[in-house]
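Now for the letters of each chain:
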Amino acid sequence: MDKRELAEVKMERLIKLSERFEEMNEEDFKRLIYYLGNVLKIIPNESREKQELESYVDFLNDMDFKKFGYIFKGISKKGNVKLTKRDVVELVWRTHSLLF
């Protein structure tokens, strides 16, 4: 299995995981962000879009997340962020688009 095929398999898992956003707790959400970073590392595409996504996902990986209803709030020394299901789905699909 080459890197592209591996990335496609992992992307399918991420898509399914992101569809369960409402059921996630903080650990599940942190795991999703971690997996997203792993997929980005193995995608063979070398573009500015990929670099920007990797940078943003690295920023998210350094955060502590708390769930507030249907929003995850990330807090770190570098800043704060609020992520909704829409934001997460957009991140996943932007990553998916790098495969093609």
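It should be noted that the structure appears before, not after, this text.
Along each chain, residues carry numbers from 1 onward, in the same order as the chain's sequence is written. A pLDDT threshold of at least 70 governs which residues receive local features in this predicted model, and a stricter bar of 80 or more applies before side-chain atom pairs are shown or counted, although totals over entire chains, interfaces and linings include all residues. Hydrogens and waters are ignored; side-chain quantities use all the structure's heavy atoms.

This part covers the nonpolar core. Counting 28 residues, the largest nonpolar core has Phe29, Leu60 and Phe65 as its most contacted members. The numbering of helices and of strands both runs from the N terminus, where a helix is a DSSP run of H or I of at least 4 residues and a strand a run of E of at least 2. Here the element with the most residues in this core is helix α2 (residues 26-42); it accounts for 7 residues. Excluding residues that lie within four positions of it along the chain, Phe29 makes contacts with Phe21, Met24, Phe65, Phe72, Leu83 and Val88. Here the nonpolar core consists of buried residues drawn from Ala, Val, Leu, Ile, Met, Phe, Trp, Tyr and Cys, with membership extended through side-chain atoms lying within 4.5 Å. Type-normalised accessible area, obtained with a 1.4 Å probe on protein chains alone, sets the label of each residue: buried when under 20%, exposed when over 50%, and partly exposed for intermediate values. Any two residues whose heavy atoms approach within 4.5 Å at even a single point are treated as in contact.

It is worth spelling out the pattern of salt bridges at this point. One speaks of a salt bridge when a side-chain nitrogen belonging to Lys or Arg is within 4 Å of a carboxyl oxygen belonging to Asp or Glu. Under the definition given, this model contains 9 salt bridges. The shortest N-O distance in the salt bridge between Asp28 and Arg31 comes to 3.1 Å. With a gap of 3 residues between them, Asp28 and Arg31 both fall in helix α2, about one helical turn apart. Note on Asp28: relative accessible area 21%, which makes it partly exposed. On the basis of relative accessibility, which here comes to 35%, the residue Arg31 falls in the partly exposed class. Here Lys78 makes a salt bridge to Asp62, at a shortest N to O gap of 4.0 Å. With Lys78 in the loop between β2 (71-76) and β3 (79-83) and Asp62 in the loop between α3 (48-61) and β1 (64-68), this pair connects stretches of sequence that are 16 residues apart. Per residue, the accessibility class of Lys78 equals that of Asp62, and both read exposed. Through salt bridges with shared partners, a single network forms among Glu27, Asp28 and Arg31.

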